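Tertiary structure, described
Now for the letters of each chain:
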Amino acid sequence: MALILTLLFRNPLRKFVIMGLDRLKRGRGPLVAKSVGATVLVVLCSAVYSAMEIQRRAREGGAINPTDEVLMANLLLQASLMGFSLFLAMITDRLHYYIKELHLVRQKLEGVINLNKHS
């Protein structure tokens, strides 16, 4: 969350965060990030499926036992943490992309303005 706030607002750390994200996106970084993201997504789907199975058993059986309650709470916490983490990673990636694109567009615009002034 702090990383996203650092990217959103101009501050002294923003340049270093962008440089760090640029370095992460070179070489094998994107492949590793996609692999980790896919693994977290599969585990998230598994946790959601298990929670749905516990809910189905509770609906069919009527009463739910304490073990299932604890398992359900644990699965919901795991699923929320993984979903939130994936969401934050996606937002960070898109913010980095838009900031880099904005920087390139501004450079091109300044070049055109300078060219028009000297012509």
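This text follows the structure it describes.
What counts, and where the lines are drawn
Residues numbered from 1 in each chain as written. Predicted model: local features only at pLDDT ≥ 70, side-chain atom pairs only at ≥ 80, totals over all residues. Heavy atoms only, no water. Phe/Tyr/Trp six-rings, centres within 6.5 Å; stacked < 30°, edge-to-face > 60°. Lys NZ or Arg CZ within 6 Å of the ring centre and 35° of its normal. Helix = DSSP H or I, 4+ residues; strand = E, 2+ residues; numbered from the N terminus. Buried < 20%, exposed > 50% of the residue type's maximum accessible area, 1.4 Å probe, protein only. Contact = heavy atoms within 4.5 Å. Salt bridge = Lys/Arg side-chain N within 4 Å of Asp/Glu carboxyl O. Axes fitted to C-alpha atoms, helices over the stretch in contact; angles between N-to-C directions. Parallel < 35°, antiparallel > 145°, perpendicular 65-115°, else oblique. Left-handed = near helix turned anticlockwise from the far one by under 90°.

**Quick look at the packing of aromatic side chains**
Overall, the coordinates contain 1 aromatic pair when judged by the stated rule. Residue placement shows Arg94 over the ring face of Tyr97; its charged tip is 4.7 Å from the ring centre. Positioned above the aromatic ring of Tyr98, the side-chain terminus of Arg94 is 6.0 Å from the ring centre.

**Details of the side chain of His96**
Relative to the helices and strands, His96 resides in helix α4 (residues 66–118). Given the relative accessible area of 4%, His96 is considered buried. Setting aside its immediate chain neighbours within four residues, His96 contacts Leu7, Ile18, Leu21, Asp22 and Lys25.

**What about the pattern of salt bridges?**
For side chains of opposite charge, pairing can occur when their charged atoms come near one another. With the rule as written, the count across this model stands at 6 salt bridges. One salt bridge connects Lys25 with Asp93, and the closest N-O pair in it is separated by 2.6 Å. One end of the pair, Lys25, is in the loop between α2 (14–24) and α3 (29–61); the other, Asp93, is in helix α4, with 68 residues separating them in the sequence. Judged by its relative accessible area of 36%, Lys25 is partly exposed. Put simply, Arg94 and Asp93 hold a salt bridge, and the shortest N to O gap is 3.5 Å. Judged by relative accessible area, which is 30%, Asp93 ranks as partly exposed. Within the structure, one salt-bridge network assembled from shared partners comprises Lys25, Asp93 and Arg94.

**Comments concerning the packing of α3 against α4**
Where α3 contacts α4, the axes come no closer than 9 Å and their chain directions differ by 150 degrees. By the criterion of interaxial angle, the relationship of α3 to α4 is roughly antiparallel. The two elements α3 and α4 cross, and the hand of that crossing is left-handed. Between α3, through Gly37, Val40, Leu41, Val43, Leu44, Ala47, Val48, Ser50, Ala51, Ile54, Gln55 and Arg57, and α4, the contact on the second element is made entirely by Asp68, Leu71, Met72, Leu75, Gln78, Ala79, Met82, Gly83 and Leu86.

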